[in-house]
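Now for the letters of each chain:
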Amino acid sequence: MINIAVLVSGGGTNLQALIDAQGKVLQHGKIKLVISSKPDVYALHRAEKEGIEHCVIAKRDYTTQVEFSNALLQQLQSYQIDMIVLAGYLSILDETIICAYPNRIINIHPSLIPSFCGKGYYGLKVHEAALAYGVKVTGATVHIVNEIPDGGKILLQKAVDILPSDTPETLQQRVMEEAEWKLLPQATEMIAKEIEGK
Ligand code: GRF
């Protein structure tokens, strides 16, 4: 059983999907720590309710990126974290963290990469761009995190049809329900199993 840290920045619906998957889809990993990039987000309440250790490590509390990254790394290592799941996390992880966890950090992105991804594409903006472009199918992607935003190896993807009546909000909700909340536990289990097998 490996130790998982989940990094969050918002409502935590993807964190909740992982919590609910423990012991079911997620057999080879346990969520030991939740770290938020900002205070007072509902994701922290979800961790609290589940009795999972949680804290805030916010970039604005540190004078440099290096100090922020070192604080993050120290917290991860103090909980003997083996893998990191980015679940709606909006801070950039630099090479300090990425090099400490090679091929052990995964992220859920709310589009079919390589569409609508990279710098500036996050949250609702992704769905606004898909609707503006007029694509008929979108979806979600789980990928390995490397130094390129949304650039790492793709692990899983799931397509979701776009409806003529869709707004960015209705599309975001359906992509989360039909794709993100299914893919993230599956991908987390894949990597957890791989790490445990090493
Ligand atoms: C959602 O748009 C999700 O697609 C993306 O982050 C946003 C918030 O997710 N990954 P959550 O509810 O905080 O998990």
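As the structure is a prediction and not an experimental result, all values here were calculated from the model.

Asker: Quick rundown of the site of the ligand? Include the residues and the values.
Answerer: Lining the immediate environment of the ligand, one finds Gly 10, Gly 11, Gly 12, Thr 13, Asn 14, Gly 88, Ile 108, Pro 110, Gly 123, Gln 172 and Glu 180. In this structure, an oxygen atom belonging to the ligand sits 2.6 Å away from a side-chain N or O atom of Thr 13. Between the ligand and Glu 180 there is a distance of 2.6 Å, counted from an oxygen atom to a side-chain nitrogen or oxygen. Burial of the ligand by the surrounding chains reaches 88%, relative to a free accessible area of 360 Å². Among the secondary structure elements, those contributing two or more residues to the shell around the ligand are α1 (13-21) and α6 (168-197). For the shell around the ligand, the per-class residue count stands at 2 nonpolar, 8 polar and 1 charged.

Asker: Just give me the short version of the sheet that holds strand β7 (residues 154-161), but keep the residues and values in it.
Answerer: Spatially, β3-β2-β1-β4-β5-β6-β7 is the arrangement adopted by the 7 strands of the open sheet, whose pairing is mixed. Two strands close off the open sheet at either side, each with one partner strand: β3 (53-56) and β7. In this sheet, adjacent strand axes meet at a mean angle of 20° when their direction is disregarded. Inspection of the sheet shows strand β1 (residues 2-8) paired to strand β2 (residues 29-36) by 7 bridges, in the parallel sense. Note on β2: the bridge partner recorded for Asn 3 is Lys 30.

Asker: Tell me about the side chain of Ser 36, and please be specific about residues and values.
Answerer: One can find Ser 36 in strand β2. According to the relative accessible area criterion, Ser 36 is buried, its value standing at 0%. With residues up to four places along the chain from it excluded, the contact list for Ser 36 reads Val 8, Ser 9, Val 41, Leu 44, Cys 55, Val 56 and Ile 57.

Asker: Can you explain the pattern of salt bridges? Please cite residues and give values.
Answerer: Counted under the stated rule, the structure contains 3 salt bridges. A salt bridge links Asp 61 to Arg 60; the nearest nitrogen and oxygen atoms lie 3.9 Å apart. Arg 60 sits in the exposed class, given a relative accessible area of 67%. Here Arg 174 and Asp 166 are joined by a salt bridge, their closest N and O atoms 2.4 Å apart. One exposure class covers both Arg 174 and Asp 166, and it is buried.

Asker: I'd like a rundown of the nonpolar core, residues and numbers included.
Answerer: Ranked by internal contacts, the top residues of the largest apolar core, which has 41 residues, are Val 6, Met 83 and Ile 106. Per-element tally for this core: the top contributor is α6, with 9 residues. Counting 21 residues, the second-largest nonpolar core is a separate cluster that includes Leu 7, Ile 35, Tyr 89 and Ile 105.

Asker: Quick rundown of the pairing of β2? Include the residues and the values.
Answerer: In terms of residue burial, β2 counts as a mostly covered element, since 6 of its 8 residues are buried. Crossover β1 to β2 through α1 is right-handed. Where β2 lies against β3, 4 bridges are found, and the strand directions are parallel. Of the residues in β3, the one forming a bridge with Ser 36 is Val 56. For the crossover from β2 across helix α2 (residues 42-50) to β3, the handedness is right-handed.

Asker: Give me α6: which residues, what numbers.
Answerer: For α6, which comprises 30 residues, the first-to-last C-alpha distance of 41 Å matches the rise-based estimate of 44 Å (1.5 Å per residue) to within 8%. Where α6 bends most, the angle comes to about 45°, and this point is Met 176.

Asker: I'd like to hear about the packing of aromatic side chains, residue by residue, with values.
Answerer: Applying the stated criterion across every chain, the model contains 3 aromatic pairs. Taking 6.5 Å as the distance between ring centres and 65° as the angle between the ring planes, the aromatic pair formed by Phe 116 and Tyr 121 counts as edge-to-face. For Phe 116, a relative accessible area of 15% corresponds to the buried category. Classification of Tyr 121 by relative accessible area gives partly exposed; the value is 32%. On the basis of an interplanar angle of 70° and a centroid distance of 6.1 Å, the ring pair of Phe 116 and Tyr 133 is categorised as edge-to-face. One end of the pair, Phe 116, is in the loop between β5 (105-109) and α5 (124-133); the other, Tyr 133, is in helix α5, with 17 residues separating them in the sequence. Since its relative accessible area comes to 66%, Tyr 133 is described here as exposed. Among the aromatic side chains, those forming a connected cluster through ring pairs are Phe 116, Tyr 121 and Tyr 133.

What counts as what
- Residues numbered from 1 in each chain as written.
- Predicted model: local features only at pLDDT ≥ 70, side-chain atom pairs only at ≥ 80, totals over all residues.
- Heavy atoms only, no water.
- Near = heavy atom within 4 Å.
- Polar contact = N/O pair within 3.5 Å; in protein donor to acceptor, adjacent residues only side chain to side chain.
- Areas by Shrake-Rupley, 256 points an atom, 1.4 Å probe, with all protein chains shown as cover.
- Helix = DSSP H or I, 4+ residues; strand = E, 2+ residues; numbered from the N terminus.
- Nonpolar A, V, L, I, M, F, W, Y, C, P; charged D, E, K, R; others polar.
- Pairing = 2+ DSSP bridges.
- Axes fitted to C-alpha atoms, helices over the stretch in contact; angles between N-to-C directions.
- Buried < 20%, exposed > 50% of the residue type's maximum accessible area, 1.4 Å probe, protein only.
- Contact = heavy atoms within 4.5 Å.
- Salt bridge = Lys/Arg side-chain N within 4 Å of Asp/Glu carboxyl O.
- Core = buried A, V, L, I, M, F, W, Y, C linked by side-chain atoms within 4.5 Å.
- Right-handed = clockwise from strand over helix to strand, strands pointing away.
- Expected span 1.5 Å × (residues − 1).
- Bend = angle between axes of the 7 residues up to and from the residue.
- Phe/Tyr/Trp six-rings, centres within 6.5 Å; stacked < 30°, edge-to-face > 60°.

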